[in-house]
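A look at the structure
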Amino acid sequence: MGSLHRSHRCGAIRPSDVGKRVTVMGWVDRTRDLGNLIFVDLRDREGTVQVVASAEDRAVLDKAKELRSEDVVAVVGNVIDRDDETVNVQIPTGTVEVRAEEIRLLSVSKTPPFPISEEQGTSEETRLRYRYLDLRRPRMQTNVRLRHEICLETRKLMDRRGFLEIETPFLTKSTPEGARDYLVPSRVHRGQFYALPQSPQLFKQLLMVSGFDRYFQIVRCFRDEDLRADRQPEFTQIDIEMSFVRIEDVFRLVESLLQRIFKVAGYDLTIPFPRLSYAEAMSRYGTDRPDTRFGLELRDVGNAFEESGFQVFRRILKEGGCIRGIRVPGKADYTRRETDELIRFVTELGTGGMAWIKSTAGGFRSSLPKSVGASVLQRAADLAELEAGDILLMVAGDESQVNNVLSLLRLHLARQENLIPEHRQDCLWVYDFPLLEWSEEDSRFLACHHPFTSPKEEDLHLLETAPERVRAKAYDVVLNGTEIGGGSIRIHRQELQARVFEALRIGPEEMQGKFGFFLDALRFGVPPHGGIALGLDRIVMILAGEQSIRDVICFPKTARAMDLMSGSPSGVSLQQQRELHLRLT
RNA sequence: GGGGCCGUAGUUCAGCCUGGUUAGAACGCCGGCCUGUCACGCCGGAGGUCGCGAGUUCGAAUCUCGUCGGUCCCGCCA
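Below or above, wherever it landed, is the structure these notes cover. Note that this is a predicted model, so its numbers are computed, not measured.

Description of a nonpolar patch on the surface
- Side chains of Leu183, Phe193 and Leu582 sit close together on the surface and give an oily, nonpolar patch of about 270 Å² of accessible area.
- The topology assignment puts Leu183 in strand S7 (residues 183–185).

In structure tokens, the structure reads:
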């Protein structure tokens, strides 16, 4: 750089700078070489500005001729107005240009493996391998900046509301329940491991025990589970815990916070958010994270078939199953091919099949056997409030499976029929989750949220007799069908915590070994407390309009949890393994 | 753990179903011409282990099996 000092950012030069002598530095985005006149688009994080070199200054022209894409250069020159006919209305710097008096090549670039200036048409694999180049692109620069602004607003608001940002350890203790842990072997303690936190859950509760009253942290969490478009092995939470609060207090804070965050992206969120009990969400949408931007709600049509001659449905009902359906308005004109495709969609999800009833001008038409009879079809149609021209798609079976399949079918139909309003943002609360859930695999109850979630007082008497009916003071916040956060009011009394552990079949020994320190803490005067964790990556993803969480994380992992750029995970030397007392099998 | 789609020039793709000349295109790259371009234009050129391995075949980018990698979904993710 020599004696040069950057005076302006390239993309920040404005008409008001006309007449100034500036020094800009950045990357060569594109050059247009007209022989004795060369245009260089110089790019930095603020955008691009056009630099002009002409034959009037031979030395500068020759220098400009050498420039190649992604070279880093410094340009000293005067900002001048462009002639009207040469204005570029597409960029903020389009009415001006920098007439170069000196061009200094600060570093040369190899030809990049893909064009930085073309946003389209590079495989994700290539982008990830050269992530530092991909991050130069305006789209990623915008996403990263949005993420920063959201974090900044979060810190500002949380500070104003009296929260302290407090760090918690990454090298922690593995606890049962929940996701698979990432483990870190201890060198000092042979055969022992730290676990990376799935969330700072216990630590933030202990901070309440310590009297910090209001805590938050923008913190990395680790879960060793299979990946998805909206799931990474390491992801970031806005983690919050508050003392002396009820559910309402948590809701109100989070609503303000999300409203503030959405404002950053230009959206006005209406608060308070609508609320749906877990039971209502399951019955109307078949899922605890419904996308409420469109209808297609689920209907229970089991009653119509109780006495019917259709043995398949009768048997399912008798065995405690259910028959539920989705009414698709105006789609009685689905062809055989279209209904078959929908049937294929649901059977691939593992259900036995799907039946349909169409309400047409000539009466009902159905895939059910003729013997079912018109009156049964009529009753099913009535239950589903089928109108002329509608189709009813029905799935029968075990309730949780039916709900699961129909909730996915509902989304599939909404996308296929274009029923989702693109720019709408639907935030809502789902509350009154069950405390426990029966696990066939473990043949015992597992915590739906986590083992420190408080049951609702009015359901406490069921904890030993009908644990599955106990509702928890747990809640999720859902945005457009994506779970963006979840939390609960916690147990703050040791006796109740012990009762819940008992319901979870966590024996006294395991209890002491895994959570002893925590149970001890619960004996020393614990304020009633609760909190929530918001999925920062998912929120940024949705606000940035991205389809993948990877596009809002600078250095993400692939679907198989690899970092294509650095090549992790990778083997380690025998020496390292020995130090950690590890031997591979 | 299971299923779908994808892997061909630096990049993005076509070719593959129906095996058979020298594997094409666009962009990029290199060279030349060009003083108002902004996806500059025009002329010329270079550039390929068809992801990898095995099999079938007289012959494989093309068919089969396996494997590696990317992606999406189901399971899983308190």
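As for the packing of aromatic side chains
- Enumeration over the complete set of coordinates arrives at 16 aromatic pairs.
- Each ring, one from Phe452 and one from Phe515, has its centre 5.5 Å from the other, and the planes form 80 degrees; the classification is edge-to-face. Taken together, the residues Phe452 in the loop between strand S19 (444–447) and strand S20 (474–479) and Phe515 in helix H13 (residues 508–521) connect sequence positions 63 residues apart. The exposure classification of Phe452 matches that of Phe515, with both residues buried.
- Considering the side-chain rings of Phe452 and Phe518, the 5.1 Å spacing of their centres and the 65 degrees angle between planes classify their relative orientation as edge-to-face. You can see Phe452 sitting in the loop between S19 and S20 and its partner Phe518 sitting in helix H13, a full 66 residues away along the chain. With respect to burial, Phe452 and Phe518 carry one shared label: buried.
- An aromatic cluster is built from Phe251, Phe273, Trp429 and Tyr475, whose rings are joined through pairwise contacts.

Description of empty space enclosed by the protein
- Evaluated as defined, the whole model comprises 1 cavity of 30 Å³ or more.
- Forming the boundary of the largest cavity are Leu128, Arg131, Phe555, Pro556, Asp563 and Met565.
- Residue classes in the lining of the largest cavity are distributed as 4 nonpolar, no polar and 2 charged.

A few points about the nonpolar core
- Counting residues in each nonpolar core, the largest one holds 40 residues, and the members touching the most others are Ile240, Leu258, Ile261, Ile532 and Leu534.
- Counting residues per element, this core draws most heavily on helix H6 (residues 247–264), which supplies 8 residues.
- Sequence-distant contacts of Ile261, that is, excluding residues within four places in its chain, are made with Ile150, Thr154, Ile238, Ile539 and Leu543.
- Leu276, Ala503, Ala521 and Leu522 belong to the second-largest nonpolar core, a separate cluster that totals 35 residues.

Some points on the environment of Ala332
- Of note, Ala332 is situated in the loop between strand S13 (322–328) and helix H9 (336–348).
- Along the backbone, Ala332 and Val72 are 260 residues apart, and their C-alpha atoms lie at a distance of 62 Å.
- Setting aside chain neighbours within four positions, we find Ala332 in contact with Lys358, Ser359, Thr360, Gly389, Asp390 and Ile391.

So, the pattern of salt bridges
- Evaluation of the coordinates by the stated rule reveals 54 salt bridges.
- With a shortest N-O distance of 2.7 Å, Asp291 and Arg293 are connected by a salt bridge.
- Here Glu417 and Lys331 are joined by a salt bridge, their closest N and O atoms 3.2 Å apart. Residue Glu417 is found in the loop between helix H11 (399–416) and strand S17 (427–431), and its partner Lys331 is found in the loop between S13 and H9; the two are separated by 86 residues along the sequence.
- Each of Arg127, Arg131, Asp134, Arg137, Arg139, Glu546 and Asp551 takes part in a single network of salt bridges with overlapping partners.

Topic: the pairing of strand S14 (residues 355–360)
- S14 sits mainly inside the fold: 5 of its 6 residues count as buried.
- In the sheet, S14 pairs with strand S15 (residues 363–366) via 4 bridges, with the strands oriented antiparallel. By the bridge assignment for S15, Ile357 is matched with Ser366.
- Hairpin connection, S14 to S15: the antiparallel pair is bridged by 2 residues.

Here's the deal with the layout of surface pockets
- In this structure, the second largest pocket occupies an estimated 510 Å³ of space.
- Every residue lining the second largest pocket is counted, 28 residues in all, and those nearest its centre are Asp41, Thr48, Gln50, Asn88 and Ile91.
- When the residues that make up the lining of the second largest pocket are grouped by side-chain class, the tally is 4 nonpolar, 8 polar and 16 charged.

Let's talk about the sheet that holds strand S2 (residues 37–44)
- In space, the 5 strands of this closed barrel follow the order S1-S2-S3-S5-S4, with mixed pairing throughout. Here the strands of the sheet are splayed against their neighbours by 55 degrees on average, with no regard to which way each runs.

Quick word on the side chain of Glu546
- For Glu546, the location among the structural elements is in the loop between helix H14 (536–544) and helix H15 (574–579).
- With a relative accessible area of 12%, Glu546 lands in the buried category.
- Side-chain polar atoms of Glu546 contact the side chain of Asn143, separated by 2.9 Å.
- Excluding residues that lie within four positions of it along the chain, Glu546 makes contacts with Arg139, Asn143, Met541, Asp551 and Val552.

Focus on the environment of His581
- Position of His581 relative to the elements: it lies in the segment after H15.
- According to the relative accessible area criterion, His581 is partly exposed, its value standing at 32%.
- For the pair formed by His581 and Phe524, sequence separation is 57 residues and the distance between their alpha carbons is 38 Å.
- In this view, His581 contacts Ser186, Arg187, Arg190 and Gly191; residues no more than four positions away in its chain are not counted.

Quick look at the protein's contact with RNA strand B
- RNA strand B sits among 49 residues. The nearest are Asp33, Thr86, Ala447, Cys448 and His449.
- Among atoms of RNA strand B positioned within 4 Å of the protein, sugar and phosphate together represent 56%.
- Glu97 places a side-chain nitrogen or oxygen 2.5 Å from a base nitrogen of RNA strand B.
- Contributing elements (two or more residues each) for the surface near RNA strand B: strand S1 (21–33), S2, strand S5 (96–107), helix H2 (124–129) and H11.
- Here the residues of the surface near RNA strand B are counted per class, giving 16 nonpolar, 17 polar and 16 charged.

Topic: the sheet that holds S13
- Within the open sheet, the 5 strands sit side by side as S12-S13-S16-S14-S15. Their pairing is antiparallel. Only two strands of the sheet have a single neighbouring strand rather than two, namely strand S12 (298–300) and S15. On average, adjacent strands in this sheet sit at an angle of 25 degrees to one another, irrespective of strand direction.
- Relative to strand S16 (residues 391–397), S14 is paired through 4 bridges, and the arrangement is antiparallel. By the bridge assignment for S16, Ile357 is matched with Leu392.
- Packed onto the sheet, helix H8 (residues 311–318) meets S13, S14 and S16 and runs at close to 120 degrees relative to S13.
- Relative to S15, helix H10 (residues 374–383) is tilted by about 95 degrees, and along the sheet it contacts S12, S14, S15 and S16.

As for the side chain of His529
- Its place among the elements puts His529 in strand S22 (residues 529–535).
- A polar side-chain atom of His529 sits 2.8 Å from the main-chain carbonyl oxygen of Pro527.
- Ignoring any residue separated from it by four or fewer positions in sequence, one finds His529 in contact with Gln205, Met208, Glu241, Met242, Ser243, Phe244, Val245, Ile489, Arg490, Ile491 and His492.

Thresholds applied
- Residues numbered from 1 in each chain as written.
- Chains lettered and ligands numbered in written order.
- Predicted model: local features only at pLDDT ≥ 70, side-chain atom pairs only at ≥ 80, totals over all residues.
- Heavy atoms only, no water.
- Patch = residues over 30% accessible without salt bridge, like charges linked within 9 Å, V, L, I, M, F, W, Y side chains within 5 Å.
- Areas by Shrake-Rupley, 256 points an atom, 1.4 Å probe, with all protein chains shown as cover.
- Salt bridge = Lys/Arg side-chain N within 4 Å of Asp/Glu carboxyl O.
- Helix = DSSP H or I, 4+ residues; strand = E, 2+ residues; numbered from the N terminus.
- Phe/Tyr/Trp six-rings, centres within 6.5 Å; stacked < 30°, edge-to-face > 60°.
- Buried < 20%, exposed > 50% of the residue type's maximum accessible area, 1.4 Å probe, protein only.
- 1 Å grid on protein atoms, 1.4 Å probe; cavity = no way out; pocket = protein on both sides within 12 Å on 5 of 7 lines; lining within 4 Å.
- Points joined across faces, edges and corners; volume = space filled by probe spheres on them.
- Nonpolar A, V, L, I, M, F, W, Y, C, P; charged D, E, K, R; others polar.
- Core = buried A, V, L, I, M, F, W, Y, C linked by side-chain atoms within 4.5 Å.
- Contact = heavy atoms within 4.5 Å.
- Pairing = 2+ DSSP bridges.
- Axes fitted to C-alpha atoms, helices over the stretch in contact; angles between N-to-C directions.
- Polar contact = N/O pair within 3.5 Å; in protein donor to acceptor, adjacent residues only side chain to side chain.
- Near = heavy atom within 4 Å.

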